[in-house]
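Observations on chain architecture
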Amino acid sequence: MKYDICIVGAGIVGMAHAYWAAKKGLKVIVVEKNHTCQGASVRNFGLFWEIGQEEKYKGLVADSKKIWTEFFEDTKTWNKNGGSLGLAYNDDEMELINEYSKLYTNKNHHILNHKDVLKKYPYVNSKNLKGALYSENEITLYSRESIPAIAEWLTKKYKVDFLFDTTVISEKLPTIYTNKSSIKAAKLIISTGADFELLFPEVYKNAKITKCKLQMLKTEASNTVITPALYTATSFIHYASFSKCKTLEVIRTRIKKEQPQYLYYGINLLVAQNNYNELLIGDSHEYDESVNPFNKEEIDHLIISGLKRILPTTDINIKERWHGVYAKSSNKKFIIEDPKKNVLIVNAMAGAGMTLSFGLAKKAISSFI
Ligand SMILES: Cc1cc2nc3c(=O)[nH]c(=O)nc-3n(C[C@H](O)[C@H](O)[C@H](O)COP(=O)(O)OP(=O)(O)OC[C@H]3O[C@@H](n4cnc5c(N)ncnc54)[C@H](O)[C@@H]3O)c2cc1C
């Protein structure tokens, strides 16, 4: 059989491109080297994280949200429209929240004062709490279940073929060579996430790509039901959406003095609760071309102690620890390159793949086919 498009990698980026190509009536095959996706797409918080995205990507966010909604409606895969709650424990953090909501008045968010936060979310630490930013736009899903479910959905609804346990090693279109056999396809899309050494490595070199290792933890099921995803001042520093707030520098300087290790390890303290009431907590950011296979206990300790500070009465029994790795370019927000005719590389979604991929793929596919 000859395919119109062969896609390498069954992470969110590859599957988002498979969706748009198949929707346009093309015959698509996705080739994945593992038994199922085991990359960043199943190791993350599972947050559709609109609050962290810059204003200029609002079109991509909106397009992505439509596809997630279609997927959730069709498959009934678990998801929670719980929004997010950014907690402020310092006057400068409260000031930043005020600044942010004045800058972005069109968003579905509002500021809660200390009393309102505790009334609605009594599990949050009241000590030194100033208030919070509530946004209703964020969605929590459980990526370990959603990602395989997307593959099934694409197979059934859009007749996409998946070839698992197969590694693409080279191409000479229309032939694509794998470690097992060859595939015929008119076009090739390469979305291999952090595995960017094998196919067209020169493209990544030019984009100054590197790998980022992120440590994550999951607790046993908690007795506390936490509806919005919770985040703190470290996320103000981490996400570019807050970068226009003038108070950010004040916060960064203070944290550098008070908790330098949080900045050193790029900790972005975030909590999301899944459908089993387990808390997914993280994360850290360590950049290197080669990923250290060993997790640092110091990082886990910083994450757990940060969590205990915001949820002092919640039971926190760690069930799992892991790390995820994503690709990040230091000079581009994403990599969308065509190294030769009929070949497209899409990569380096960094920390925004679950939020932006469907929207980005819509644009990429319409100019590629
Ligand atoms: C800890 C963590 C938390 C995150 N939290 C969020 C979040 O809450 N919200 C959000 O929007 N984003 C989040 N992200 C970012 C998001 O997960 C990534 O941007 C996204 O998953 C990248 O998707 P991908 O398809 O490029 O890569 P991957 O998911 O890594 O998929 C690439 C796939 O390609 C396969 N592959 C590689 N080489 C080959 C080959 N030669 N042949 C065949 N198959 C191959 C791999 O096996 C892999 O399955 C987080 C990331 C991490 C690590």
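Cut-offs used in this document
- Residues numbered from 1 in each chain as written.
- Predicted model: local features only at pLDDT ≥ 70, side-chain atom pairs only at ≥ 80, totals over all residues.
- Heavy atoms only, no water.
- Near = heavy atom within 4 Å.
- Polar contact = N/O pair within 3.5 Å; in protein donor to acceptor, adjacent residues only side chain to side chain.
- Areas by Shrake-Rupley, 256 points an atom, 1.4 Å probe, with all protein chains shown as cover.
- Helix = DSSP H or I, 4+ residues; strand = E, 2+ residues; numbered from the N terminus.
- Nonpolar A, V, L, I, M, F, W, Y, C, P; charged D, E, K, R; others polar.
- Domains from an automatic or database assignment.
- Phe/Tyr/Trp six-rings, centres within 6.5 Å; stacked < 30°, edge-to-face > 60°.
- Buried < 20%, exposed > 50% of the residue type's maximum accessible area, 1.4 Å probe, protein only.
- Axes fitted to C-alpha atoms, helices over the stretch in contact; angles between N-to-C directions.
- Parallel < 35°, antiparallel > 145°, perpendicular 65-115°, else oblique.
- Contact = heavy atoms within 4.5 Å.
- Core = buried A, V, L, I, M, F, W, Y, C linked by side-chain atoms within 4.5 Å.
- Salt bridge = Lys/Arg side-chain N within 4 Å of Asp/Glu carboxyl O.
- Buried area = accessible area lost by both parts, 1.4 Å probe.
- Expected span 1.5 Å × (residues − 1).
- Disulfide = S-S within 2.5 Å.

Observations concerning the site of the ligand
Neighbouring the ligand are 38 residues; Glu32, Ser41, Leu47, Ala350 and Thr355 lie closest to it. In the environment of the ligand, an oxygen atom lies 3.1 Å from a nitrogen or oxygen atom belonging to the backbone of Val13. One of the backbone nitrogen or oxygen atoms of Leu47 is found 2.7 Å away from a nitrogen atom of the ligand. Considering the ligand on its own, with 1000 Å² of exposed area, one finds that the protein chains cover 96% of that surface. Taken together, the elements giving at least two residues each to the shell around the ligand come down to helix H1 (12-23), strand E13 (209-219), strand E18 (318-329) and helix H11 (353-368). Looking at side-chain class alone, the shell around the ligand contains 16 nonpolar, 17 polar and 5 charged residues. Formed jointly, the shell around the ligand draws a minimum of three residues from each of two domains, domain 1 (2-76 + 142-207 + 332-368) and domain 2 (84-136 + 209-329).

Things to note about the packing of aromatic side chains
Going through the model one piece at a time under the given rule, you end up with 23 aromatic pairs. Aromatic pair Trp68 and Phe71: ring centres 5.9 Å apart, planes at 70 degrees, arrangement edge-to-face. Of the two residues, Trp68 and Phe71 are both situated in helix H2 (residues 58-75); the distance of 3 residues between them amounts to about one turn of the helix. Residue Trp68 shares its accessibility class with Phe71, and that shared class is buried. With a centroid separation of 6.0 Å and 90 degrees between ring planes, the pair formed by Tyr231 and Phe236 is classed as edge-to-face.

Examining the packing of H2 against H11
Where H2 contacts H11, the two axes come as close as 7 Å, and the packing angle between them is 100 degrees. Between H2 and H11, the crossing angle belongs to the class labelled roughly perpendicular. The segment H2 lies against H11, with Leu60, Val61, Asp63, Ser64, Ile67 and Trp68 engaging Met354, Thr355, Leu356, Ser357, Phe358, Gly359, Leu360, Lys362 and Lys363.

Description of the nonpolar core
Core analysis: the biggest nonpolar cluster contains 57 residues, and Leu85, Leu87, Val117 and Phe236 have the highest contact counts within it. Considering each element in turn, this core owes the most residues, 6 residues, to helix H10 (residues 297-310). Three or more residues apiece are contributed to this core by two domains, here domain 1 (2-76 + 142-207 + 332-368) and domain 2 (84-136 + 209-329). Of all hydrophobic cores here, the second largest spans 49 residues; its members include Ala16, Tyr158, Leu344 and Ile365.

Focus: the pattern of salt bridges
Here the structure, examined in full by the defined rule, presents 25 salt bridges. In this structure, the salt-bridge partner of Glu249 is Arg252, at a minimum N-O distance of 3.0 Å. Of the two residues, Glu249 and Arg252 are both situated in helix H8 (residues 248-258); the distance of 3 residues between them amounts to about one turn of the helix. Three or more residues joined by partner-sharing salt bridges are found here, namely Arg144, Lys218, Glu278, Lys319 and Glu320.

Digging into the environment of Ile369
Within the secondary structure layout, Ile369 lies in the segment after H11. When its relative accessible area of 42% is taken as the criterion, Ile369 is described as partly exposed. On a C-alpha basis, the gap between Ile369 and Pro260 in space is 48 Å, while along the polypeptide they are 109 residues apart. The contacts of Ile369, once residues within four sequence positions are left out, are Ile5, Lys24, Leu26 and Lys187.

Re the domain arrangement of the chain
One frequent convention defines the size of an interface as the accessible area lost when the parts assemble. With domains assigned, the chain is organised as domain 1 (2-76 + 142-207 + 332-368) and domain 2 (84-136 + 209-329). A C-alpha centroid distance of 28 Å is found between domain 1 and domain 2. Of the residues lining the interface, 29 residues belong to domain 1; the matching set on domain 2 comes to 37 residues. Summing both sides of the interface, domain 1 and domain 2 together bury roughly 2700 Å²; the carbon and sulfur share of this comes to 60%. Looking only at domain 1, the three residues that lose the most surface to domain 2 are Phe45, Trp49 and Ile51, adding up to 28% of its buried area. Summed over the shared surface of domain 1 and domain 2, the number is 2 salt bridges. Where Glu320 meets Arg144, a salt bridge forms, and the shortest distance between an N and an O atom there is 2.8 Å. Our enumeration of links across domain 1 and domain 2 arrives at 15 residue pairs in polar contact (both at pLDDT 80 or more).

A closer look at H10
Here H10 spans 20 Å end to end across 14 residues, near enough to the 20 Å set by a 1.5 Å rise per residue. Every buried residue of H10 is listed here: Ile299, Asp300, Leu302, Ile303, Ile304, Gly306, Leu307 and Ile310.

Observations regarding the state of the cysteines
On inspection of all chains with the given rule, the structure shows 0 disulfides. Sulfur of Cys6: no disulfide; nearest cysteine sulfur belongs to Cys37 and is 16 Å away.

A few points about the environment of Ile281
Looking at where Ile281 falls in the secondary structure, it is placed in strand E16 (residues 279-282). A relative accessible area of 0% means that Ile281 is categorised as buried. Note: C-alpha distance between Ile281 and Leu269 (12 residues apart in sequence) is 7.3 Å. Once residues within four sequence positions are removed from consideration, Ile281 is found in contact with Phe45, Met216, Leu217, Leu270, Val271, Ile303, Ile304, Leu307 and Ile318.

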